[in-house]
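Tertiary structure, described
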Amino acid sequence: MAKVMTKEEKYHQMIDTPVEQLIPKLAVPTIISMLVTSIYNMADTFFVSQIGTSASGAVGIMFSAMAMIQAIGFTLGMGSGNHISRALGNRDEEQASLFAATAFFTAGIIGILIAVFGTIFSRPMVFFLGATETIAPYAQDYARYILIAAPFMLTSFVMNNILRAQGSAMFAMIGITTGGVLNMILDPVLIFAFDMGISGAAIATMVSQMISFGILLYQCNSHEDCIKIQISRFRPKLITYGRILHAGLPSFCRQGLASVAAVVLNFAAGPYGDAAIAAMSIVTRFMMFINSSLIGFGQGFQPVCGFNFGARRYDRVLKAYWFCVRVAVTMLTVFGIAAFLFSRPIITAFRREDLTVIEIGTLALRLQLLTMPFQAWVIMVNMLTQSIGYGFRASIVAMGRQGLFLIPALLVFPGMFGLTGLQIAQPVADMLTFVLSTVIVIGILKELKALESDMSPE
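Below is a summary of the structure that appears in this document. (Residues numbered from 1 in each chain as written. Predicted model: local features only at pLDDT ≥ 70, side-chain atom pairs only at ≥ 80, totals over all residues. Heavy atoms only, no water.)

1. Some points on the packing of aromatic side chains
In this structure the tally under the stated criterion is 17 aromatic pairs. Measuring from ring centre to ring centre gives 5.0 Å for Phe374 and Phe434, while their planes differ by 75°; the resulting arrangement is edge-to-face. One end of the pair, Phe374, is in helix 15 (residues 372–387); the other, Phe434, is in helix 18 (residues 419–455), and 60 residues separate them in sequence. Classification of Phe374 by relative accessible area gives partly exposed; the value is 28%. Connected via pairs of aromatic rings, a cluster forms that spans Phe104, Phe105, Phe152, Phe213 and Phe234. Lying across the ring of Tyr11, Arg91 places its NZ or CZ 4.0 Å from the centre. Taking the ring centre of Phe340 as reference, the NZ or CZ of Arg366 above it sits at 5.9 Å. (Phe/Tyr/Trp six-rings, centres within 6.5 Å; stacked < 30°, edge-to-face > 60°. Helix = DSSP H or I, 4+ residues; strand = E, 2+ residues; numbered from the N terminus. Buried < 20%, exposed > 50% of the residue type's maximum accessible area, 1.4 Å probe, protein only. Lys NZ or Arg CZ within 6 Å of the ring centre and 35° of its normal.)

2. Points about helix 17 (residues 406–417)
Taking 1.5 Å of rise per residue, the twelve residues of helix 17 would be expected to cover 16 Å, and the 15 Å separating its terminal C-alpha atoms lies within 8% of that figure. Elements that come into contact with the buried residues of helix 17 comprise helix 10 (238–269), helix 16 (391–404) and helix 18. Directly beyond the C-terminal end of helix 17, a positive phi value near 70° is found at Gly418. (Expected span 1.5 Å × (residues − 1). Contact = heavy atoms within 4.5 Å.)

3. Topic: the packing of helix 4 (residues 93–120) against helix 7 (residues 150–165)
Packing of helix 4 against helix 7 leaves a shortest axis separation of 7 Å and a crossing angle of 160°. Comparing their axes, helix 7 and helix 4 come out roughly antiparallel. As helix 4 packs across helix 7, the resulting crossing turns out to be right-handed. Within the contact between the two elements, helix 4 uses Ala100, Ala103, Phe104, Ala107, Gly108, Ile110, Gly111, Ile112, Ile114 and Ala115 and helix 7 uses Ala150, Pro151, Leu154, Thr155, Val158, Met159 and Ile162. (Axes fitted to C-alpha atoms, helices over the stretch in contact; angles between N-to-C directions. Parallel < 35°, antiparallel > 145°, perpendicular 65-115°, else oblique. Left-handed = near helix turned anticlockwise from the far one by under 90°.)

4. As for the pattern of salt bridges
As enumerated under the stated definition, the model contains nine salt bridges in all. For Asp315, the salt bridge identified is with Arg313, shortest N-O distance 3.2 Å. Using a relative accessible area of 33% as the deciding quantity, one classes Asp315 as partly exposed. Using a relative accessible area of 28% as the deciding quantity, one classes Arg313 as partly exposed. (Salt bridge = Lys/Arg side-chain N within 4 Å of Asp/Glu carboxyl O.)

5. Digging into a nonpolar patch on the surface
Residues Ile109, Ile112, Leu113, Val116, Phe117, Ile120 and Phe121 make up a contiguous nonpolar surface patch of about 690 Å² in total accessible area. Relative to the assigned elements, Phe117 resides in helix 4. Residue classification places Phe117 among the partly exposed residues on the basis of a relative accessible area of 49%. (Patch = residues over 30% accessible without salt bridge, like charges linked within 9 Å, V, L, I, M, F, W, Y side chains within 5 Å. Areas by Shrake-Rupley, 256 points an atom, 1.4 Å probe, with all protein chains shown as cover.)

See below:
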């Protein structure tokens, strides 16, 4: 059981504890949450892939829709969370509770609208997302239950970020990991034991998301040191939404463009058959797993960054950033080398019966793994800029990997290089984003150094 601190104790923890101790402490539960989430995403893909190549492709099709749901949830959650961190760093709890309520209830309303209209237009939706005639029936079966879960998914993303923003990552971890573990247990039971096929995988996800929602809501409202989710604090005003969207825009750019890129990827892979769609879906899920540990670590950095920026401790912001860069680059380099050596067995484990899926997926995975150290740098730059409220520059970095560079690469390279063009699109986008993020962060680091100098005693 996590020790419950008073708000005063938590404030001093965030601004006084050495960052080398504080960030790992906050990051460990978040890393666990991210890893469990990625593992159950991979479990979905793994178990559904045993049904057939078209079923595996259907998971890839619906991944783009789930990425858009995640984009909205992260936009509201991280947008409000950044303001909550800075408000608490400035000792303004009333402002923090206003942002929490506005983000939560807005997410619930949007989730209900997605569920209703997505269900009504499910068939045109799956074709819009890139389904082929053979994949569409599986995608519709999967979508039916995922859409029901949309309100719970959206509000859970918001609560997860709200808890992390306050330095209560352990409470967030309990909700996320419980749902994830339950999903992994239910997947094989419903898919195979109850012979429900791809619908069983979707029901497993739906049930786990509902349970995660209940646990996270309890965690938010049952601990004295946490900002409560209260309907009385829900005051939808344009100025509040403007501030949430400004801070959350990088998340929307990153996750929203990931959804668009997933759709473009499905269409680009379509001419090469269901095997290409399935292979790229497997690679995408595995790369999410590799990156999840780093994102979890970086999310331990974000509340520290936001708190200390709000408290005008710019020296700690800089120290925390460089500490995280060193850890991030080392972490992804090690993970990348290990996964590169076992790329073929990894892809084979998902779709052993289809040699085409294995061949396409193995090369695509190896090419993406080569850029791991550069991805680490990009992720940390994005988290720094977003946490301190540099929304525009953070959005530019976030747009680079999945928007400015990947989508054009997917539109151009397959026509020039065929299937190889499909496989090299993401690595090329990663390298170009590395260059862009480096140019942007150099200017930001100079600004932070100047602020630090201004705060130093004469």
